Amino acid sequence: LGVHIDENLTWAKHVESIIKKVVCNISILRKVSPSLTLDHRITVYKSVIEPHFNYCSLVWDSITETLSNKLQKLQNRAARIVSGLPYSVPSNEIRQHLGWPSLVEMRRRDKAIMMYKIVHGHTAPYLKDMFNKQKSSEVYGLRNSKLGVQIPQARTSHFRNSFSFTGASIWNSLPENLKDEKSLFSFKRHIKNYKFASTTTQT
């Protein structure tokens, strides 16, 4: 399926594969960008480069901060080329100018969308069976919610990085009105404006 899995689930090989593909495409974008309008450069990025950052990210989102930063630097590089702004402008400002979230934010949004599907019964039953309804806030340190899910106990770092743990944590952190959106379309539209706390790399 195009995902490289190593025995220790570090995802280093997979990230290196993404980097090679993205670097090649960024090089092409840099060469053709002078002859393209801003809208066309954005289209090239969205159709040729961004999919590599998102493909199966629910599976490999447990990557280390070092690997995450390597990918973020590439998105920052692409944003600078697309925008045409000079190096004196910080990467965060360039992404805001383009309306691009960081890669960490994108992956969290993808997890939130998957959790919406799971909680609202839009996925296969085995996915919903991974999660139980949230119990008392005293036990789990979170406000009670009719749509909240239990955050499982994590005894290892691997499990803390698993979808079972991070998906539940992200879902429970969302505002109640967002979790209670009546349709997946509406949820996707509103989650785009939700700000996840994240740290991104500047270059």
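Everything numeric here is computed off the predicted structure, so don't read it as measured data.

Their axes nearest at 10 Å, the elements helix α1 (residues 12-32) and helix α4 (residues 65-83) cross at an angle of 10 degrees. With respect to α4, the element α1 is oriented roughly parallel. In this structure, α1 contributes A12, V15, E16, I18, I19, V22, V23, I26, L29 and R30 to the contact, and α4 contributes L67, K70, L71, L74, R77, A78, I81 and V82. Among the residues forming the contact of α1 with α4, the class breakdown is 14 nonpolar, no polar and four charged.

Attention now goes to the packing of aromatic side chains. Taken as a whole, this structure holds six aromatic pairs when the rule is applied. Note on Y45 and W100: the rings are 4.0 Å apart at their centroids and 15 degrees apart in plane angle, and the pair reads as stacked. Linking Y45 in helix α2 (residues 38-54) with W100 in the loop between α5 (91-98) and α6 (103-119), this pair joins segments that are 55 residues apart in sequence. Look at W100 and you get buried, because its relative accessible area is 5%. When the ring of Y194 is compared with that of F196, the centres are 4.9 Å apart and the planes differ by 80 degrees; the resulting orientation is edge-to-face. Chaining the aromatic ring pairs together yields one cluster made of Y116, W171 and F187.

Cut-offs applied
Residues numbered from 1 in each chain as written. Predicted model: local features only at pLDDT ≥ 70, side-chain atom pairs only at ≥ 80, totals over all residues. Heavy atoms only, no water. Axes fitted to C-alpha atoms, helices over the stretch in contact; angles between N-to-C directions. Helix = DSSP H or I, 4+ residues; strand = E, 2+ residues; numbered from the N terminus. Parallel < 35°, antiparallel > 145°, perpendicular 65-115°, else oblique. Contact = heavy atoms within 4.5 Å. Nonpolar A, V, L, I, M, F, W, Y, C, P; charged D, E, K, R; others polar. Phe/Tyr/Trp six-rings, centres within 6.5 Å; stacked < 30°, edge-to-face > 60°. Buried < 20%, exposed > 50% of the residue type's maximum accessible area, 1.4 Å probe, protein only.

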